[in-house]
Amino acid sequence: MPDVRLERALRVPADPGAQALGELLEAIANQEGPWRGFALHISFGELRLPDVGYVAVPIRLQVTKRAADACSFDVTFNSMNLSAAFPTFKGTFGIEAAGLGESKLVLRGGYDIPMQIFGKFLDRTLTPGLAQRSLENFVDEIAAATQARVDKREAEFARYRFYTSNLR
């Protein structure tokens, strides 16, 4: 089982970042709004083909909040279709404080390679790093969405405070 540890810096504090991360993961798990049909993806160029598109694999995500850590979530996901042909990932997604007003989004865990010996052969020779790269794309998307969600909330709060302070 290959181990994974991916990090992305966020320009948001850990607590609002963790709240936004939890909401995003729940939305993906429940297939809500723009997260309906969420898929891991990789470009054709990363598959050593002409870079004119991408391959997307819709996922089924299960998420539970870790009782011991308010900023961490246990996640498991696999392909929504043909799950026996694609890796299943099990691990944690979390937010760690990094500095004043900053944090890190961290994905830790591992994935199993399907199809026993044939799957390991494919992973090492024909498609090396394919699963790892799709996880990196996943973390990039979640980091950007977490950042955007916190920024939007802060902007709404600032507008509200400005509006109500001018009413007095």
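The coordinates are above.
So, here is what we can say about the structure in this document. Predicted, not measured: the structure shown is a model, and the values here were computed from it.

Description of helix 1 (residues 14–29)
Look at helix 1: 22 Å from first C-alpha to last across 16 residues, which is about the 22 Å you get at 1.5 Å a residue. Residues Ala 14, Gly 17, Ala 18, Ala 20, Leu 21, Gly 22, Leu 24, Leu 25, Ala 27 and Ile 28 constitute the buried set of helix 1.

Here's the deal with the packing of aromatic side chains
Enumeration over the complete set of coordinates arrives at 5 aromatic pairs. A centroid spacing of 5.1 Å and a plane angle of 20° characterise the contact between Phe 77 and Phe 89, whose relative ring orientation is stacked. One end of the pair, Phe 77, is in strand 4 (residues 72–79); the other, Phe 89, is in strand 5 (residues 88–99), with 12 residues separating them in the sequence. These aromatic residues form a ring-pair network of at least three members: Trp 35, Phe 38, Phe 77, Phe 89, Phe 93 and Phe 138.

Brief notes about the nonpolar core
If you look at the biggest cluster of nonpolar residues, it comprises 36 residues, and the most contacted ones within it are Phe 93 and Leu 105. Of all the secondary structure elements, the ones that give two or more residues to this core are strand 1 (3–10), helix 1, strand 3 (54–65), strand 4, strand 5, strand 6 (102–112) and helix 3 (130–166). Contact partners of Phe 93, with chain neighbours within four places excluded, come to Leu 21, Leu 25, Cys 71, Ser 72, Phe 73, Val 75, Leu 105, Val 106, Leu 107, Phe 138, Val 139 and Ile 142.

Some details on the side chain of Ser 134
Structurally, Ser 134 can be placed in helix 3. Residue Ser 134 is classed as buried on the basis of its relative accessible area of 12%. Other than its neighbours up to four places away in sequence, Ser 134 contacts Leu 40 and His 41.

Cut-offs and rules
Residues numbered from 1 in each chain as written. Predicted model: local features only at pLDDT ≥ 70, side-chain atom pairs only at ≥ 80, totals over all residues. Heavy atoms only, no water. Helix = DSSP H or I, 4+ residues; strand = E, 2+ residues; numbered from the N terminus. Expected span 1.5 Å × (residues − 1). Buried < 20%, exposed > 50% of the residue type's maximum accessible area, 1.4 Å probe, protein only. Phe/Tyr/Trp six-rings, centres within 6.5 Å; stacked < 30°, edge-to-face > 60°. Core = buried A, V, L, I, M, F, W, Y, C linked by side-chain atoms within 4.5 Å. Contact = heavy atoms within 4.5 Å.

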